[in-house]
Amino acid sequence: MSKSPRSPARQPACKNADEPCGMCPSCLFCGTRTSQPSPSPLNLWKISDGSRRSFVVGLLVRCGSVPVLENIQSSLRLTSWNLLSFAPTKGKTLPELYARLDCKTRPSPLIREIWEWFDRSPEWVQTRYLCLLLLQCDPELLSMANNLIGVVVTRLQRQLDVKNSTSKQSNSASKDDSTKDAIFPVLPVPAGSSKSLLGFSRPRDFIGGLPTELSKRILGLLDEAMLKRCMKVCKHWKHLAGETMEEIRFRKLYQEQVEAMMKRYKGVHMVSPSYARMVDVAVPAEDHESGEVKSSHMWPFEAAYANIKTRSVRMEERNIYCGAYFTSVLIDSEDPHRVVDYKGGPMLSSASKDRAVRLLYVGTATKQVGLMKGHVGSIRVVLLCPERHLVITASCDTSIRCWSVRTDQCVLVLYGHSSMINCLDIHADRLVSGAKDCTAKVWSLQTEKHLEDFNFKHRSSVRCVKINATAVFSSCDRGVVKLWDAENASLLRVIDAHNSAVRCMFVDEWHLLSADTNGQVMAWSSRCETKGCLMTVSHPKEVKSLTLAYLRVVTGCVDGKIRIFNFLTGDCLRTIVVEAETTGRMLSLHFCENNILVNATSCVKLYQFAKVFWDYDEPAYEESPDLDASPPPKLDLPSTSARANHMTTEQVTEHWRSLLQPLTADASQQTRPAEQPSSHRSDSSPLYCHRRRPLTSAQQPVNQSLTNRLPHLERDRATGRNTM
């Protein structure tokens, strides 16, 4: 039979009746006290009060009833004290507050008497007494009590599970020791201590249980002195701390060498990807325009416009294709005979030796939406006309076919050439074609007939044709470019400056660009009054495609690189490696807005460049940041043109490798000959830029974002991508 619940015969009481202490049962259970309002927040028991904190800890530790502790804990969880437990403590952090706690507070005789009374009291009295007592505690003290109750309950349940009952003497001794220590119950026991207030075992080696890289990452947050102490813990910690210290020394040396390299490269130009501005460019003036207007950019073309009246035209200049980009593979199949056309929209047209024309939707995934068949020979050229909803193709069967993208049916067939057709171009309702029969013909899509007077002849196979509102342009295997009047079909001009076949051209309102199989790109004025060449840029191999946009010449070469040149200065601003050695030969490039479509023998890739917010106040070139006020050392860089501080990717890589070694005078002398393989390049070299004012070669792109890109140079070269 269990005893009926009753209060102890004798309750401890404080001696001062006028001012209650708030600890003894007499003050808490007194009827006069319960009628008073709750204590003010300023009078609450605080965790910084060592005697009262020790008093509460002693009561909770002495409570051996799991139901009582669980009831108290459930009550604390329902209160709002936890919303205030993370408030700042008047500028002092919790570790600083815990450091100020008095861990050696001795309990007073009254507190010992209350503890003894609490041990002898029944559970309902303990529950009521603890509830009334906790009403006087502040949120931080309540938080401590809640955590302590959870630990005590866990310890009691563990003791019940293992059925290890302890004697009353050992329990009382443990209680006395815990009271004397009065350690803050939430804090762990020190690693070297075998004594635990609440039954904690010795702490586990959490560093040893983590992966090696994560362990070293955590140890890397410590300074060198602490790492040396960590090496004395155990063999595993000694190994981890040793490797961490080595990595810290390497990073420090690496940073010092990068800073030294930046000092050496101070003053090297870096291309700004957001640069844009409006400039005045000299162009030939019309006969009816009187007066010569001098241009601030007359000097690039002063030789070509020496005896010609010129005027200034306002043009926009941008560093296009100089920013970040990502690639996506649209067609992943090998085909050395593939021809494609892309205008920047959602549709892509492709054809090949199988005599079929495919219309592809370019989205998250490439999907074929149309298939057109009808040619009896291999298709040599495909032309996509989205505004007319047509796909125009030319084949070895000497026919030109127009296909409807809506019905996949052939709506028009044009015959007139006697040999294989090599090229097509369209403007308004006029279509121009060039064939192996040494002729270029103009067709009317409105009348669906060949214009008899527009039958232009060359002495060799016609390789490229272009047409605009005023003229027709054609080129052949002999390197001759001819300009024909679009109104009366008369020959306006003959350009015989190339030494090999001209297979790609670009034409706009003011300029004509032509490229041959030797890699030479030449710029001309599209006006017939100007006969001289405006600029010349050479490449190591054949140029397959080119364009001129925002005064930037963009070329695609068979060596697998896209180069961006400044049309006014001839500087190579950037070189992009679009394919590795195993990708295959480049067949064609298609430029449209922020995209470049690359057609190679192994696949078709789309290079999508990030949208750029053009800054019209930013300089074209940025100087490297100065790390100190001392003057920079003289750069020993190859000088092949007027802008001698522009470097190739290979030269920057050699500098980078040399700087990974200790920066000593001997090391710099050993690397300097490798940095200057050819300090003087002759005009017979495959890479040079020839004009009246020397230009930078295609092998000398300006270093873009040298500070940010150099650490990734080796990685980009290994993946076949060049962002310099």
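Every value quoted in this text rests on a predicted model; they were computed, and no experiment measured them.

### Points about the packing of helix H6 (residues 109–120) against helix H7 (residues 123–134)
For the pair H6 and H7, the least separation of the axes is 8 Å and the interaxial angle reads 135°. Between H6 and H7, the interaxial angle falls into the category oblique. For the pair H6 and H7, the contacting residues are Ile114, Trp117, Phe118 and Asp119 in the first and Val125, Gln126, Tyr129 and Leu130 in the second. When the residues that make up the contact of H6 with H7 are grouped by side-chain class, the tally is six nonpolar, one polar and one charged.

### What about unusual backbone geometry?
The residue Arg355 is not glycine, and still its phi comes out positive at about 70°. With a phi angle near 50°, Glu593 is a residue other than glycine that sits in the positive phi range. Looking at the element boundaries, Glu593 is found in the loop between strand E29 (586–592) and strand E30 (595–600).

### Things to note about a nonpolar patch on the surface
A cluster of nonpolar side chains, namely Phe206, Leu214 and Ile218, defines an oily patch on the protein surface of about 280 Å² accessible area. On the basis of relative accessibility, which here comes to 56%, the residue Phe206 falls in the exposed class.

### A word on the packing of aromatic side chains
Overall, the coordinates contain eight aromatic pairs when judged by the stated rule. Summarising the aromatic geometry, the rings of Phe118 and Tyr129 are spaced 6.2 Å apart at their centres and angled 50° between planes, so their arrangement reads as tilted. Here Phe118 is found in helix H6, whereas its partner Tyr129 is found in helix H7, with eleven residues between them in sequence. Taking relative accessible area as the criterion, Phe118 reaches 0% and is therefore assigned buried. Residue Tyr129 is classed as buried on the basis of its relative accessible area of 0%. Residue placement shows Arg318 over the ring face of Tyr550; its charged tip is 4.4 Å from the ring centre. The ring of Phe454 has Arg430 sitting right over it, with the charged end atom 5.1 Å from the ring centre.

### Some thoughts on the pairing of strand E19 (residues 481–485)
Burial analysis of E19 places five of its five residues in the buried class, which makes it a mostly covered element. Bridging between strand E18 (residues 471–476) and E19 involves five bridges; their strand directions are antiparallel. Across the sheet, residue Val472 finds its bridge partner in E19, namely Trp484. Here E18 hands over to E19 after four residues, with Gly479 in that stretch at a positive phi of 85°. Taken together, the four bridges between E19 and strand E20 (residues 491–495) define a ladder with antiparallel strand orientation. Pairing of Val481 across the sheet is with Ile495, part of E20. Here E19 folds back onto E20, and the loop between the two strands holds five residues, one of which, Ala489, carries a positive phi near 65°.

### Description of the sheet that holds strand E28 (residues 572–577)
With respect to topology, four strands assemble into an open sheet ordered E25-E26-E27-E28, the strand pairing being antiparallel. Strands with a single pairing partner mark the edges of an open sheet, and in this sheet they are strand E25 (543–549) and E28. Adjacent strand axes in the sheet meet at a mean angle of 15°, parallel and antiparallel pairs treated alike. Relative to strand E27 (residues 561–566), strand E26 (residues 552–557) is paired through five bridges, and the arrangement is antiparallel.

### Concerning the sheet that holds strand E10 (residues 390–395)
The strands making up a sheet associate through hydrogen bonds between their backbones, and the pairing can be parallel or antiparallel. Ordered by their spatial adjacency, four strands build an open sheet running E9-E10-E11-E12, and the pairing between neighbours is antiparallel. With one partner strand each, in any of the chains shown, strand E9 (379–385) and strand E12 (410–415) form the two edges of the open sheet. Across the sheet, the mean angle from the axis of one strand to that of its neighbour is 15°, orientation sign disregarded. Across five bridges, strand E11 (residues 399–404) lies against E12 in antiparallel orientation. The residue bridging Cys402 from the neighbouring strand is Leu412, located in E12.

### Observations regarding the packing of helix H3 (residues 50–62) against H7
Contact geometry for H3 and H7: axes closest at 12 Å, N-to-C directions at 155°. The orientation of H3 relative to H7 falls into the category roughly antiparallel. The crossing of H3 and H7 is left-handed. Where H3 approaches H7, its residues Phe55, Val56, Leu59 and Leu60 are matched on the opposing element by Tyr129, Leu130, Leu133 and Leu134.

### Section: the pattern of salt bridges
What the rule picks out here adds up to 16 salt bridges. Here Lys228 makes a salt bridge to Glu224, at a shortest N to O gap of 4.0 Å. Here Glu224 and Lys228 lie together in helix H11 (residues 224–230), a separation of four residues that amounts to about one turn. What makes Glu224 partly exposed here is its relative accessible area of 45%. Linking Glu224 and Arg249 is a salt bridge whose minimum nitrogen-to-oxygen distance equals 3.9 Å. In this pair, Glu224 sits in helix H11 while Arg249 sits in helix H12 (residues 235–264), placing the two residues 25 residues apart along the sequence.

### Comments concerning the nonpolar core
It is characteristic of soluble globular proteins that their nonpolar side chains tend to be buried jointly. If you look at the biggest cluster of nonpolar residues, it comprises 38 residues, and the most contacted ones within it are Trp45, Phe55, Leu59, Tyr129, Leu133 and Leu134. Listing elements by their share of this core, those giving two or more residues are helix H1 (25–29), H3, helix H4 (66–77), H6, H7 and helix H8 (139–162). Formed by 28 residues, the second largest nonpolar core is a distinct cluster that contains Tyr305, Cys504, Val543 and Phe565.

### Thoughts on helix H10 (residues 212–219)
Listing the buried residues of H10 in full gives Ser215, Lys216 and Leu219. One face of H10 carries all of its buried residues, which in axial projection span an arc of 95°. Turned more than 90 degrees away from the buried face of H10, the exposed residues are Glu213 and Arg217.

### What to know about the pairing of E30
The buried fraction of E30 is high, at six of six residues. When E29 meets E30, the two strands line up antiparallel, connected through six bridges. When the sheet's bridge partners are listed, Leu589 is paired in E30 with Val598. Taking the residues that link successive antiparallel strands as the turn, the E29-E30 hairpin has two residues, and the phi of Glu593 there is positive, at about 50°. Judged from the five bridges that link them, E30 and strand E31 (residues 604–609) form a sheet pairing that is antiparallel. When the bridges of E31 are listed, Asn599 appears paired with Val604. Two successive antiparallel strands, E30 and E31, enclose a turn made up of three residues.

Cut-offs applied
Residues numbered from 1 in each chain as written. Predicted model: local features only at pLDDT ≥ 70, side-chain atom pairs only at ≥ 80, totals over all residues. Heavy atoms only, no water. Axes fitted to C-alpha atoms, helices over the stretch in contact; angles between N-to-C directions. Helix = DSSP H or I, 4+ residues; strand = E, 2+ residues; numbered from the N terminus. Parallel < 35°, antiparallel > 145°, perpendicular 65-115°, else oblique. Contact = heavy atoms within 4.5 Å. Nonpolar A, V, L, I, M, F, W, Y, C, P; charged D, E, K, R; others polar. Patch = residues over 30% accessible without salt bridge, like charges linked within 9 Å, V, L, I, M, F, W, Y side chains within 5 Å. Areas by Shrake-Rupley, 256 points an atom, 1.4 Å probe, with all protein chains shown as cover. Salt bridge = Lys/Arg side-chain N within 4 Å of Asp/Glu carboxyl O. Buried < 20%, exposed > 50% of the residue type's maximum accessible area, 1.4 Å probe, protein only. Phe/Tyr/Trp six-rings, centres within 6.5 Å; stacked < 30°, edge-to-face > 60°. Lys NZ or Arg CZ within 6 Å of the ring centre and 35° of its normal. Pairing = 2+ DSSP bridges. Left-handed = near helix turned anticlockwise from the far one by under 90°. Core = buried A, V, L, I, M, F, W, Y, C linked by side-chain atoms within 4.5 Å. Arc of directions from axis to C-beta.

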